[in-house]
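Take a look at the letters that make up each chain.
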Amino acid sequence: MASMRRFVADDIFTFNNVNLDPLTETYNLKFYFSYLVRWPDYCAMAESPNGTKMGYILGKAEGKDKLWHGHVTAVTVAPEYRHIGLATRMMKLLEEVSEKVYNTYFVDLFVRVSNAVAINMYKKFGYSVYRQIRNYYMGPNEEDAYGKISTKIYYTNMRKALPRDVKKESIIPVGRIVEADELEWS
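The notes below deal with the structure included here. (Residues numbered from 1 in each chain as written. Predicted model: local features only at pLDDT ≥ 70, side-chain atom pairs only at ≥ 80, totals over all residues. Heavy atoms only, no water.)

### Description of the sheet that holds strand β3 (residues 53-62)
The following threshold applies: Here, any two strands with at least 2 DSSP bridges between them count as paired. For the purposes of this entry, the term helix denotes a DSSP run of H or I that reaches at least four residues, the term strand denotes a run of E that reaches at least two, and both are numbered from the N terminus. Interaxial angles span 0 to 180 degrees and are taken between N-to-C directions of axes, which are lines fitted to C-alpha atoms, for helices over the stretch in contact. Should any heavy atoms of two residues lie within 4.5 Å, those residues are counted as being in contact.
Taken together, the 8 strands give an open sheet; going across it, the order is β1-β2-β3-β4-β5-β7-β6-β8, and neighbouring strands pair in mixed fashion. Each edge of the open sheet carries a strand with a single partner, namely β1 (3-6) and β8 (177-179). Across the sheet, the axes of successive neighbouring strands diverge by a mean angle of 30°, strand direction being ignored. Here strand β6 (residues 128-134) pairs with strand β7 (residues 154-161) via 6 bridges, running antiparallel. By the bridge assignment, R134 is partnered in β7 with Y154. Sitting on the sheet, helix α3 (residues 86-101) touches β1, β2 (44-47), β3, β4 (69-77), β5 (106-112) and β7, and the angle it makes with β4 is about 160°. Against the sheet, helix α4 (residues 116-124) contacts β4, β5, β6 and β7, and its axis sits at roughly 165° relative to β5.

As structure tokens, then:
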């Protein structure tokens, strides 16, 4: 059985078994520390009874007015601990913090289009595709955020409305590809 606890600074030095997945973004130390300091409620670690790191989630609150939302920066589970409900637990925790602590309108996340497993998982959690973003990240594996390989990197921005968004306005699809520099909080 996994225990869920607050992600702490020391975890950064012992979570390689989780972070070695090629679809997991790895950040620099300053990035992790900034999340732990600014949004500790959004940072959680799943741990086995023997102390092995099983997965983690990092998030934040950002935006303003009706764009005030929770954001999933990273959610990842070590391969040997997948399919036991850890991602579900971590996403529920982030959604609960977004709703009850920060009173946000929605939760959003970005996912590579080639990561069909993650896209399907998020759809099961109630997320829908809000828009596609071109040039969100630059790198050697340029891909289309919702389908085909191209010369530009596309990501899929998915959202889930929370109770504060009574009319579900935050999840009405944009209906066109947007450039990264068009994002409200880039």
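### Considerations on α3
Let me state the cut-off plainly: To estimate the expected span of a helix, count its residues, drop one, and scale the result by 1.5 Å. Accessible area is worked out with a 1.4 Å probe on protein chains only. A residue is then buried under 20% of its type maximum, exposed over 50%, and partly exposed in between. When we speak of the arc, we mean the arc of directions from the helix axis to the C-beta atoms.
Taking 1.5 Å as the rise per residue, α3 with 16 residues should run 22 Å; its terminal C-alpha atoms sit 22 Å apart, in good agreement. Those residues of α3 lying buried are L86, A87, M90, M91, L94, E95, V97 and S98. Buried residues along α3 cover an arc of 165° about the axis, so they all sit on one side. Structural note: α3 exposes K92 and K100 on the side pointing more than 90 degrees away from its buried face. Just downstream of α3, N103 is the residue with a positive phi angle, here 50°.

### Structural notes on the pattern of salt bridges
Rules: Salt bridges, as used here, are contacts in which a Lys or Arg side-chain nitrogen is within 4 Å of a carboxyl oxygen on Asp or Glu.
Applying the stated criterion to the full structure yields 13 salt bridges. Measuring nitrogen to oxygen at the nearest pair gives 3.0 Å for the salt bridge that ties E47 to R5. One end of the pair, E47, is in strand β2; the other, R5, is in strand β1, and 42 residues separate them in sequence. Relative accessible area serves as the criterion here: at 26%, R5 is assigned to the partly exposed category. A salt bridge links K160 to E95; its shortest N-O distance comes to 3.0 Å.

### Let's talk about a nonpolar patch on the surface
Threshold: The patches reported here contain residues having more than 30% relative accessible area and no salt bridge. Joining distances are 9 Å for like charges and 5 Å for nonpolar side chains (Val, Leu, Ile, Met, Phe, Trp, Tyr). Under the convention used here, a 1.4 Å probe and the Shrake-Rupley method define accessible areas, while residue burial counts only the protein chains that appear.
A cluster of nonpolar side chains, namely F13, L29 and F33, defines an oily patch on the protein surface of about 280 Å² accessible area. Mapped onto the elements of the fold, F13 is located in the loop between β1 and α1 (16-19).

### Things to note about the packing of aromatic side chains
For clarity, the cut-off: Note on aromatic pairs: the rings of Phe, Tyr and Trp (six-membered ring only in Trp) are paired at centre separations within 6.5 Å, and the planes decide the class, stacked below 30 degrees, edge-to-face beyond 60, tilted for the rest.
Applying the stated criterion across every chain yields a total of 11 aromatic pairs. Seen in terms of ring centroids, Y27 and F31 are 4.1 Å apart; in terms of plane orientation they differ by 20°. Their pairing is stacked. A relative accessible area of 19% places Y27 in the buried class. Given the relative accessible area of 24%, F31 is considered partly exposed. Connected via pairs of aromatic rings, a cluster forms that spans F7, F15, Y27, F31, Y32, Y35, W39 and Y56.

### Things to note about the nonpolar core
How we decide: Here the nonpolar core consists of buried residues drawn from Ala, Val, Leu, Ile, Met, Phe, Trp, Tyr and Cys, with membership extended through side-chain atoms lying within 4.5 Å.
In terms of nonpolar packing, the biggest core is built from 42 residues, with F7, Y56, M91 and Y122 touching the most fellow members. Elements with a minimum of two residues in this core: α2 (29-38), β2, β3, β4, α3, β5 and α4. Tallying contributions element by element places α3 first for this core, with 6 residues. With residues up to four places along the chain from it excluded, the contact list for M91 reads I57, V72, V75, L109, Y122, F125 and Y127. In terms of nonpolar packing, the next biggest core, distinct from the first, is built from 6 residues, F110, Y155, V178 and A180 among them.

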